[in-house]
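# Analysis of the macromolecular model
Listed here are the chains, written in short residue letters.
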Amino acid sequence: MKQALPEGNFLQGGPPTSVVLVTCVDSEGNPNIITLGMFMYISQRPPQVCIGVAPPRYSHDLIVGQGEFAVNVPTAEIIEEMHRCGVVSGRDVNKFEDTGLTPIPAQRIISPLIEECYGHLECRVVQTHTCGDHTLIVGEVVAGSADADVLDESGNQILTKAKPVIQKNWNYHTVKKP
Ligand SMILES: Cc1cc2nc3c(=O)[nH]c(=O)nc-3n(C[C@H](O)[C@H](O)[C@H](O)COP(=O)(O)O)c2cc1C
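Cut-offs and rules
Residues numbered from 1 in each chain as written. Predicted model: local features only at pLDDT ≥ 70, side-chain atom pairs only at ≥ 80, totals over all residues. Near = placed C-beta within 6 Å. Helix = DSSP H or I, 4+ residues; strand = E, 2+ residues; numbered from the N terminus. Nonpolar A, V, L, I, M, F, W, Y, C, P; charged D, E, K, R; others polar. Pairing = 2+ DSSP bridges. Axes fitted to C-alpha atoms, helices over the stretch in contact; angles between N-to-C directions. Contact = placed C-beta atoms within 7 Å.

Around the ligand sit 23 residues, and of these M38, S59, G86, S89 and G90 come closest. When residues of the shell around the ligand are traced back to their parent elements, those giving at least two are β3 (31-36), β5 (48-53) and α1 (58-66). Of the residues forming the shell around the ligand, the biggest block, 4 residues, is contributed by β3. In the shell around the ligand, the residues fall into 10 nonpolar, 11 polar and 2 charged.

Structure follows, in structure tokens:
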């Protein structure tokens, strides 16, 4: 039997999302981290991804203002740090110092990558759209990298080794082969 969802709760009929940690910088190069469930691939050629960021987030104007961001993919091992980056603001806290996550240089952008994450997409902002209460930010991927031990001989990601995080309502899970 299907249960009709009340207005305001329609999205409970949708799937869980992956969780990513997006890094960005202010105009002086100071870094910040924001936890996002709103992430998706949108083009393969050229490679483009999009993220949804609410305008009140400190990271919003950093990403739009500097025109770049990095998508870092956390493993289940850093769920606590991942969650923390989604409940405190870079306005108040230096999240790298607060969580102990390690910034490492990116190849093509100023925003740092997060060493403890297993995969990284370096992006330049190519479009922004206001969508309800979030801004959809499209980024062109200008470089990518991943931990060697989560890749097979063909360079493809092995999900059971990578242990990405998926969530619905901040309930975190990782993947298991059915
Ligand atoms: C699991 C999880 C997913 C989240 N997804 C989003 C999202 O997709 N978009 C968004 O704007 N905020 C999202 N947030 C909220 C921001 O991460 C949170 O407001 C954060 O403190 C903003 O940091 P900032 O002010 O340093 O930018 C999420 C938080 C959590 C814990």
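This next bit is on the sheet that holds strand β6 (residues 68-73). The sheet built from 7 strands is open, its strands ordered β3-β2-β6-β9-β10-β5-β4 with antiparallel pairing. Among the strands making up the open sheet, the edge pair consists of β3 and β4 (39-43). Pairwise comparison of adjacent strand axes, ignoring direction, gives a mean angle of 35° for this sheet. Here strand β9 (residues 119-131) runs beside strand β10 (residues 134-146); their pairing, made up of 12 bridges, is antiparallel. The residue bridging C131 from the neighbouring strand is H134, located in β10. Here α1 sits on the sheet in contact with β2 (20-25), β3, β5, β6, β9 and β10, set at roughly 60° to β2.

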